[in-house]
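Structural features, examined
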Amino acid sequence: MCIRDSAYSGHFGSYLLDQVDHPLVFEIVRTMSAGLDIPVFCKIRLLDTQDATIEFCKGLQKSGCKLITIHARYRGSPDRRRDGPAYLDQIPAIKASLTIPVVANGNMTPGMTPEDFHNNLLLSQADGIMSAEGILDNPAVFCDSQPACRPNLALEYLELHRQYPSRAGLSTVIFHCRRICKQELNRYQLMEEMRSAESAARVKEIVQQCVQYELHGGFVWSDEKRKASEEKAKRTKLAASSRARFEARMKRKAAREGKDAGFYLKTGPPPSPAAVCELLKIDKAERVGAWRTQGFGQHCMEYHLSECGRMKDCAFLHTDFGGVEPDQMG
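Thresholds, definitions, all that
Residues numbered from 1 in each chain as written. Predicted model: local features only at pLDDT ≥ 70, side-chain atom pairs only at ≥ 80, totals over all residues. Heavy atoms only, no water. Pairing = 2+ DSSP bridges. Helix = DSSP H or I, 4+ residues; strand = E, 2+ residues; numbered from the N terminus. Axes fitted to C-alpha atoms, helices over the stretch in contact; angles between N-to-C directions. Contact = heavy atoms within 4.5 Å. Phe/Tyr/Trp six-rings, centres within 6.5 Å; stacked < 30°, edge-to-face > 60°. Buried < 20%, exposed > 50% of the residue type's maximum accessible area, 1.4 Å probe, protein only. Salt bridge = Lys/Arg side-chain N within 4 Å of Asp/Glu carboxyl O.

1. Some words on the sheet that holds strand β3 (residues 102-105)
By way of backbone hydrogen bonds, the strands of a sheet pair with one another, either parallel or antiparallel. Strand order in the open sheet formed by four strands is β1-β2-β3-β4, with parallel pairing between adjacent strands. A strand with exactly one partner marks an edge of an open sheet, and here the two such strands are β1 (41-45) and β4 (128-130). Ignoring strand direction, the axes of neighbouring strands in this sheet form an average angle of 25°. Examined bridge by bridge, β1 and strand β2 (residues 67-71) share five bridges and lie parallel to one another. Counted as the bridge partner of Arg45 is His71 from β2. Where helix α3 (residues 50-62) meets the sheet, it contacts β1 and β2, and its direction lies at approximately 165° from that of β1.

What follows is the structure, encoded as structure tokens:
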């Protein structure tokens with residue numbers, strides 16, 4: 001269950017774990033279970049006590065859930081996604097109380113070996129292990145044998161992306177290749193080139209360059225690239241600071257008006273192409289008010305209506321209609 005700011009402000013994800021919301025969660029699961037011809041799976045975090053977690057899981061099972069994945073961490077907060085390591089040792093008691101399969105999630109880091117994976121499975125006594133962040137960095141994390149050259153995994157991903165076109169845009173392709181090849185891109189000073197790649201073909205060229213350096217050498221260090229990278233890091237830090245100040249300002253504004261702290265930080269969907277066309281017809285002096293009134297306040301108006309000169313230094317969201325920009329994901 002997600003603990004992002006949007007989950008807090010929208011009251012979903014792990015913010016449905018409080019006792020008062022359990023009847024609603026069970027009703028949702030019952031409705032889905034009765035209306036679908038496929039099994040309903042649920043993913044939760046730990047509640048405040050083990051007994052509370054067990055009772056909640058029993059309620060999910062009774063409501064029709066056919067498999068539960070337990071991210072064995074406590075909820076944390078919107079400002080702190082992770083509250084310590086995953087408590088996989090709490091899962092055996094939960095599993096023993098249920099008759100449906102239980103999958104353990106947490107502590108699956110990119111550097112894990114097959115032995116570590118099996119140790120987690122033994123510790124949790126779960127029916128399976130789920131990886132989220134770890135498998136983004138290493139898609140072969142569950143394989144007994146690891147690739148000698150990890151960028152080859154990115155080339156495999158790019159080939160699958162070519163064979164099976166989807167709605168995933170260039171930013172998504174870059175995001176996944178950055179995650180898989182992070183060490184090599186930094187080692188060979190190719191990270192900024194990857195970030196600014198203008199096509200999937202260019203992304204492939206950069207990944208192939210990583211493979212070339214890994215297998216055959218030939219890399220020459222560039223002080224000019226180093227300085228440019230350092231400057232970019234400074235701008236990124238300033239952008240994060242700008243966003244933090246914006247959020248603090250919006251929370252103070254909500255407090256003064258007696259509203260929920262996240263009132264002005266609720267992230268609705270970005271404007272559709274039709275909405276953009278209508279907004280462009282409005283006089284410029286009235287656009288900001290219309291933008292906020294229609295619920296787009298968290299999104300960058302300049303990005304959608306013209307061009308944002310701040311781009312990744314912008315405190316507002318750059319999210320296209322129907323998709324998520326990975327660079328702005330938490």
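2. Digging into the packing of aromatic side chains
Under the defined criterion, the tally for this structure stands at eight aromatic pairs. A centroid spacing of 5.1 Å and a plane angle of 70° characterise the contact between Phe117 and Phe142, whose relative ring orientation is edge-to-face. Here Phe117 is found in helix α5 (residues 114-124), whereas its partner Phe142 is found in the loop between α6 (133-137) and α7 (151-163), with 25 residues between them in sequence. Between Tyr188 and Phe219, the aromatic rings sit 5.3 Å apart at their centres with planes inclined by 65°, giving edge-to-face as the arrangement. Of this pair, Tyr188 sits in the loop between α9 (182-187) and α10 (191-195) while Phe219 sits in the loop between α11 (200-216) and α12 (223-256), placing them 31 residues apart in sequence. The buried category is assigned to Tyr188, whose relative accessible area is 9%. On the basis of relative accessibility, which here comes to 26%, the residue Phe219 falls in the partly exposed class. Each residue in the set Tyr188, Tyr213, Phe219 and Trp221 is aromatic and connected to the rest through ring pairs, giving one cluster.

3. Some remarks on the pattern of salt bridges
On inspection of all chains with the given rule, the structure shows 17 salt bridges. Between Lys232 and Glu192 there is a salt bridge, with the nearest N and O atoms lying 3.2 Å from each other. Taken together, the residues span a long stretch of sequence, with Lys232 in helix α12 and Glu192 in helix α10 at a distance of 40 residues. Here Glu192 falls in the partly exposed class, since its relative accessible area comes to 29%. Sharing partners across several salt bridges, the network here consists of Glu193, Arg202, Glu205 and Lys225.

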